[in-house]
Amino acid sequence: MAPETFLPVMYFAAGAMMLAWGLGLLRRLGHEELHRVVAFMLFFAGFAPILAGIGLMQPSSADGQILLFGGYLERFSYIWEFFFPTILLFSLVFPRRHAVLERFKIIPVLLYLPYIIHLVLILTSSRVEPSDLLAPLDSSAGMLSEHLSTLDTIWSLGISLHQLLFPGVNLLVGIGALVLLARNRELRSREMLKRQRLFLFLGFALPLTGYLIAEALPIFMGRAPSTVVRPHLLSACVILSSAAIAFAAIRYRFLRIRLLARRGVMDISVSIILAVCYLFLLDRCQVITSTYLGDLAGLFDAGLTVFALVLFQPLVSRIESVLDRRLFGHSGDPRRESLRRFGAKLGDVHGLSDIHDALQIVMHDIFHIDEFQVLAWGCPSEDVQMPAWFKELGERENNLKEFQEPLLWTEFRAWCRRGQRLAPPPETNYHYILSLSDEAACRGLLLLSARSDRRGLRSIDREHLVLVAGQLSAAIRNLMLLTELLDKRLLEEEMQLAQRIQSGLLPGTPPELDKVRLSGISRPSLQVGGDYYDWLVMGDDLYFVIADVSGKGIPAAMLMATLQASFRSIVRAPLTPGEILSDLNRIIHDNSPAERFITLWLGALRMNSGDLEYASAGHPPPILTRKGGLTVPLQEGGMLLGAFRDVDFSTYRIPFGGGDRLVCYTDGVSETANSSGEQFSDRRLVELLTRIGGEPDEIIGDLLDDLTRFSATGEPEDDCTLLVMMGQDADSNEGVACVE
């Protein structure tokens, strides 16, 4: 392509695209005022690059006028200047129709009237003068001739003054559009429209700037606009401005620009193809009719033309419908396209705010509803406070399933009063209410304001709203399930962390001592539990403890952590177990709820003397087995920890020597039940311990295996904890406990 033809072709292509887009928008959505205004804006702006391309390819006169159609085509700006009142009208209908248009319906006519007069003057000023119109009336020679030249001079001065001042009209109209845009509260307050504000300011400022530089300033300075710079600058500004404004408007109405542009091209292409086919058939028919019909051929051609005109529109619509289904996958109805995209977006929502953003598209695009609210019981929004009447309805939410179609707000209030329910307030922005229900339950409510065009809901609107309600109900149900799943995963992660923390509170590898061997284990029924065991070596003394906090789970684990920290801070030689329990009891009583208590058994092995001192706070008695197999009961007890503040605990003492074995356990071991409901019991535990032997680890393993076989579920129903201590000396000591 030659360089001198590249730019005109680009201008022609841009202008044709804008015209096709505008015509397609007018055909598809011309019933909506906003889209109709955008279509006219694209239509008028499309003439600028087209006429600029004509100006570059056609010969021009010395003053820049384009020679075409056998005469002068005046400055191309006279058509595209209709762009200015169109953007002013756009600012009055976007994002909602201004109240002044409702009050003064003639405003659109008044906006375009000066430009129509301007167009007429531009077209006639160079060809018509007062002398040409009045000369035939001059019946008396010389009677008006002396005044005609004066009238021509006044006419020329008036046209010149008009051309000098009219650029100011364009600037004032454009500035007025910018002022309306800047003062629009909705564009500043609504988050969705804030994104379009930049494009609108760009779209309004570009033509003003280009027109001021290329057209207005030279005229105001008394110079002719540049015939080289003006067409390029104006064309570029108009193209960019139209694209920015159209993007903002169509993005606001959520119609895909690419889809709309393709449809515009498709509409034009179908019309051109049908026109070419008609001309081809008409040419062939003229040859046949002129041969066989003679003088009647003209009448036949006229009838064929009328028939083609009648058939043209239905045929175009039918072809476009088929192409829509083939190329775009649906019937071409923008409402169905919006609903399809809405359903796709609902598949990727993470909260009510996402649902609100997706629903805003449908409400504006299909139903022309500006205000709405989604209320759901299972997933309340962080941004919206749920009203009291809605919370009260949650107790009887299934009664709302009967509202399968939009119900008037007044009717809903009457329904609430009839059922003696808390009714919503009468003063509200909402006009309709719709139940979001599925087969299982009512998930929430959709509150809707009246349509922005003040019209009621049509039957097709009600059908679409029922469809939207079904999609919303499914999305809310999935969101509730997702929320439950996330909460469960979060709880599991927290429980796993708590389990690791609690495991760190229990003792690790047992100490290596000359006279005794130790081993312990704790198996919570949940991920964390309230059982506790521990040991501490203080010089020649070994302190060991086993405890059971009432309850299960996190509360019991927290009190267990308090017990562990308190025990390790209190124990010091040569305190007796009774003294230690008295101090522990005061701490637990002061730092735990009244309904929480602890059973605990504390032992202190004095390795120098071989004596075992111990104290109990209501804990199951450990099982002491002597070297010879004799079982010595340690049934001495005491008050539960935390029940009363000031309690004295007794310390008991008994010899503990080589070959002796002490097994401490919690009630989760003895209370394990089988499928018949029978508990393992202390008796069965004693019998089992008489049959098994070995190291402490082996004894614990055998005990847990037998518990697993005995249990009905194979898992502990309560926290199970075992602590085993064995003496290593050869001497055997038998006796009974004595009180200190």
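Note that the structure is predicted; figures quoted are calculated from it, not measured.

What to know about the overall build of the chain
Part 1 of the reasoning: Helix and strand counts for the chain stand at 23 helices and 17 strands.
Part 2 of the reasoning: Within the chain, residue pairs in contact and separated by at least 24 positions form 72% of the contacts whose partners lie at least 6 positions apart.

Observations concerning unusual backbone geometry
Part 1 of the reasoning: Positive phi values are uncommon outside glycine, yet His-368 reaches one of about 55°.
Part 2 of the reasoning: Relative to the assigned elements, His-368 resides in the loop between α15 (352-367) and β3 (372-376).
Part 3 of the reasoning: Taking the relative accessible area as the measure of exposure, His-368 reaches 13% and is therefore buried.
Part 4 of the reasoning: In the Ramachandran plot, Ser-681 falls in the positive-phi region, its phi being about 75° despite a non-glycine side chain.
Part 5 of the reasoning: Accessibility expressed as a relative area gives 21% for Ser-681, which makes it partly exposed.

Notes on the pairing of strand β5 (residues 432-437)
Part 1 of the reasoning: With 6 of its 6 residues buried, β5 lies for the most part within the structure.
Part 2 of the reasoning: Residues Tyr-432, Leu-434 and Leu-436 of β5 are buried on one face, and the alternating residues Ile-433, Ser-435 and Ser-437, pointing to the opposite face, are buried as well.
Part 3 of the reasoning: As judged from the 2 bridges shared by strand β4 (residues 407-408) and β5, these two strands associate in the antiparallel manner. Across the sheet, residue Leu-407 finds its bridge partner in β5, namely Ile-433.
Part 4 of the reasoning: In this sheet, strand β6 (residues 442-448) lies alongside β5 in antiparallel orientation, the contact comprising 6 bridges. Residue pairing for β6: Ser-435 is matched across the bridge by Leu-445.
Part 5 of the reasoning: A loop of 4 residues connects β5 with β6, the two strands running antiparallel in sequence.

Details of the sheet that holds β5
Part 1 of the reasoning: Pairing within the open sheet is antiparallel, and its 4 strands lie in the order β3-β6-β5-β4. The sheet terminates laterally at β3 and β4, the two strands that pair on one side only.
Part 2 of the reasoning: Two strands pair when backbone bridges link them, and β3 and β6 are joined in this way by 5 bridges, in the antiparallel orientation. By the bridge assignment for β6, Val-374 is matched with Leu-446.
Part 3 of the reasoning: Its contacts with the sheet place α15 against β3 and β6, and it is angled at close to 145° to β3.

Observations concerning the packing of aromatic side chains
Part 1 of the reasoning: Counted under the stated rule, the structure contains 20 aromatic pairs.
Part 2 of the reasoning: Judged by centre distance (6.4 Å) and plane angle (45°), the ring pair of Phe-44 and Tyr-112 falls under tilted. Placement of the pair is Phe-44 in helix α2 (residues 33-57) and Tyr-112 in helix α6 (residues 107-125), with a sequence separation of 68 residues.
Part 3 of the reasoning: Looking at Phe-44, the relative accessible area reads 15%, which means it is buried.

Digging into α15
Part 1 of the reasoning: In terms of burial, α15 is a largely internal element, 12 of the 16 residues being buried.
Part 2 of the reasoning: Among the residues of α15, those classed as buried are Leu-352, Ile-355, Ala-358, Leu-359, Gln-360, Ile-361, Val-362, Met-363, His-364, Asp-365, Ile-366 and Phe-367.

Quick notes on the sheet that holds strand β15 (residues 661-665)
Strand pairing in a sheet takes place through backbone hydrogen bonds and is either antiparallel or parallel in direction.
Part 1 of the reasoning: Read from one edge to the other, the open sheet built from 5 strands follows the order β7-β16-β15-β12-β13, with strand pairing classed as antiparallel. With one partner strand each, in any of the chains shown, β7 (516-523) and β13 (631-633) form the two edges of the open sheet. Shown here is a sheet whose adjacent strand axes are inclined to one another by a mean of 15°, direction ignored.
Part 2 of the reasoning: Taken together, the 5 bridges between β15 and strand β16 (residues 720-727) define a ladder with antiparallel strand orientation.

Considering helix α19 (residues 553-570)
Part 1 of the reasoning: Counted at 1.5 Å a residue, the expected span for α19 with its 18 residues is 26 Å, and the 26 Å between its end C-alpha atoms agrees.
Part 2 of the reasoning: The complete set of buried residues in α19 reads Gly-553, Ala-556, Ala-557, Leu-559, Met-560, Leu-563, Gln-564, Ser-566, Phe-567 and Ile-570.

So, a nonpolar patch on the surface
Part 1 of the reasoning: On the surface, Phe-104, Ile-106, Val-109, Leu-110, Leu-113, Ile-116, Ile-117 and Val-120 cluster together into a nonpolar patch covering about 710 Å² of accessible area.
Part 2 of the reasoning: Mapped onto the elements, Val-120 comes out in helix α6.
Part 3 of the reasoning: Exposure remark for Val-120: the relative accessible area of 44% places this residue in the partly exposed category.

Topic: a negative patch on the surface
Part 1 of the reasoning: Judged by side-chain charge, Asp-697, Glu-698, Asp-702 and Asp-705 come together as a negatively charged surface patch.
Part 2 of the reasoning: For Asp-705, the location among the structural elements is in helix α23 (residues 696-710).
Part 3 of the reasoning: Taking the relative accessible area as the measure of exposure, Asp-705 reaches 41% and is therefore partly exposed.

Here's the deal with the side chain of Asn-674
Part 1 of the reasoning: Looking at where Asn-674 falls in the secondary structure, it is placed in the loop between α21 (667-670) and α22 (681-691).
Part 2 of the reasoning: Of the polar contacts made by the side chain of Asn-674, one reaches the backbone nitrogen of Ser-676; its length is 3.0 Å.
Part 3 of the reasoning: Excluding its chain neighbours within four sequence positions, the residues that come into contact with Asn-674 are Phe-710, Ser-711 and Ala-712.

Side note on the confidence of the model for the chain
Part 1 of the reasoning: Scored by pLDDT, the chain comes out at a mean of 78, with 79% of its residues at no less than 70.
Part 2 of the reasoning: Predicted confidence is poor over residues 63-76, with pLDDT under 50, and the contacts of this stretch with residues over four places away or in other chains come to 40 contacts.
Part 3 of the reasoning: Every residue in residues 731-736 is under pLDDT 50, and counting partners more than four places away or in other chains gives 14 contacts.

A look at the environment of Glu-636
Part 1 of the reasoning: Among the structural elements, Glu-636 can be located in the loop between β13 and β14 (652-655).
Part 2 of the reasoning: Take Glu-636: its relative accessible area is 24%, and that puts it in the partly exposed class.
Part 3 of the reasoning: In this structure the C-alpha to C-alpha distance between Glu-636 and Ala-615, which are 21 residues apart in sequence, comes to 7.7 Å.
Part 4 of the reasoning: At a separation of 2.6 Å, a polar atom in the side chain of Glu-636 contacts the side chain of Tyr-614.

As for the environment of Gly-701
Part 1 of the reasoning: For Gly-701, the position within the fold is in helix α23.
Part 2 of the reasoning: As a C-alpha pair, Gly-701 and Ile-521 span 180 residues in sequence and 9.6 Å in three-dimensional space.

Notes on the nonpolar core
Part 1 of the reasoning: In terms of nonpolar packing, the biggest core is built from 51 residues, with Leu-542, Phe-544, Leu-600, Leu-662 and Met-725 touching the most fellow members.
Part 2 of the reasoning: When residues in this core are grouped by element, the largest group, 7 residues, is from strand β9 (residues 541-549).
Part 3 of the reasoning: Other than its neighbours up to four places away in sequence, Phe-544 contacts Asp-534, Trp-535, Trp-601, Leu-602, Gly-603, Ala-604, Leu-605, Leu-612, Leu-662, Cys-664, Leu-723 and Met-725.
Part 4 of the reasoning: Core analysis: the next-biggest nonpolar cluster, separate from the first, contains 48 residues, Ala-358, Leu-434, Leu-457 and Ala-469 among them.

Describing the pattern of salt bridges
Part 1 of the reasoning: Per the stated rule, a full pass over the model turns up 14 salt bridges.
Part 2 of the reasoning: Its salt-bridge partner being Arg-626, residue Asp-660 comes within 2.7 Å of it at the nearest N-O pair. Linking Asp-660 in the loop between β14 and β15 with Arg-626 in the loop between β12 (623-625) and β13, this pair joins segments that are 34 residues apart in sequence. In this structure, Asp-660 and Arg-626 share a single accessibility class: buried.
Part 3 of the reasoning: We note a salt bridge from Asp-706 to Arg-709, for which the minimum N-O separation is 3.2 Å.

Here's the deal with the packing of α22 against α23
Part 1 of the reasoning: Orientation of α22 relative to α23, taken along the N-to-C sense of each, is 135°, at an axis distance of 11 Å. With respect to their mutual orientation, α22 and α23 come out oblique. Handedness of the α22/α23 crossing: right-handed. Residues Arg-684, Leu-685, Leu-688 and Leu-689 of α22 touch α23, and the partners they reach there are Ile-699, Leu-703, Asp-706 and Phe-710.
Part 2 of the reasoning: Residue composition of the contact of α22 with α23, by class: 6 nonpolar, no polar and 2 charged.

Cut-offs used in this document
- Within every chain, residues take consecutive numbers counted from 1 along the sequence as written.
- Residues qualify for local features only when their pLDDT is at least 70, as the model is predicted, and side-chain atom pairs are given and counted only at 80 or more; totals for whole chains, interfaces and linings, by contrast, use all residues.
- Hydrogen atoms and water are omitted, and side-chain values are computed over all heavy atoms in the structure.
- Segments assigned H or I by DSSP are reported as helices when at least four residues long, segments assigned E as strands when at least two residues long, and all are numbered from the N terminus.
- Contacts are residue-level and defined by heavy atoms, with any inter-residue pair within 4.5 Å sufficient.
- Residue exposure (1.4 Å probe, protein chains only): buried if accessible area is under 20% of the type maximum, exposed if over 50%, otherwise partly exposed.
- A pair of strands counts as paired when DSSP detects no fewer than two bridges linking them.
- In this analysis, axes come from line fits to C-alpha atoms, helices being fitted only over the stretch in contact, and the angle between any two N-to-C directions falls in the range 0 to 180 degrees.
- Aromatic rings from Phe, Tyr and Trp, taking only the six-membered ring of Trp, are treated as a pair when their centres fall within 6.5 Å; an angle between ring planes under 30 degrees marks them as stacked, one over 60 as edge-to-face, and anything in between as tilted.
- The span you would expect from a helix comes to 1.5 Å times its residue count less one.
- Each patch is built from salt-bridge-free residues with over 30% relative accessible area, joining like charges within 9 Å and nonpolar side chains (Val, Leu, Ile, Met, Phe, Trp, Tyr) within 5 Å.
- The protein chains shown are the only cover counted for residues, whose accessible areas, like all others here, come from Shrake-Rupley with a 1.4 Å probe.
- What counts as a salt bridge is simple: a side-chain nitrogen of Lys or Arg found within 4 Å of a carboxyl oxygen of Asp or Glu.
- Positive: Lys, Arg. Negative: Asp, Glu. His and the chain ends are not part of the count.
- Lys charges are placed at NZ, Arg charges at CZ, Asp charges at CG and Glu charges at CD.
- By the criterion applied in these results, polar contacts are pairs of N or O atoms within 3.5 Å in which, for protein atoms, one can donate a hydrogen and the other can accept it, and in which residues neighboring in sequence qualify only through two side-chain atoms.
- In predicted models, pLDDT denotes the confidence assigned by the predictor to each residue on a 0 to 100 scale.
- We call a set of buried Ala, Val, Leu, Ile, Met, Phe, Trp, Tyr and Cys residues a nonpolar core when their side-chain atoms join them within 4.5 Å.
- Working rule for angles: under 35 degrees goes down as roughly parallel, over 145 as roughly antiparallel, 65 to 115 as roughly perpendicular, anything else as oblique.
- By definition, turning the near helix anticlockwise from the far helix through less than a right angle yields a left-handed crossing, and turning it clockwise yields a right-handed one.
- All amino acids are sorted into three groups, where Ala, Val, Leu, Ile, Met, Phe, Trp, Tyr, Cys and Pro are nonpolar, Asp, Glu, Lys and Arg are charged, and the leftover types, Gly among them, are polar.

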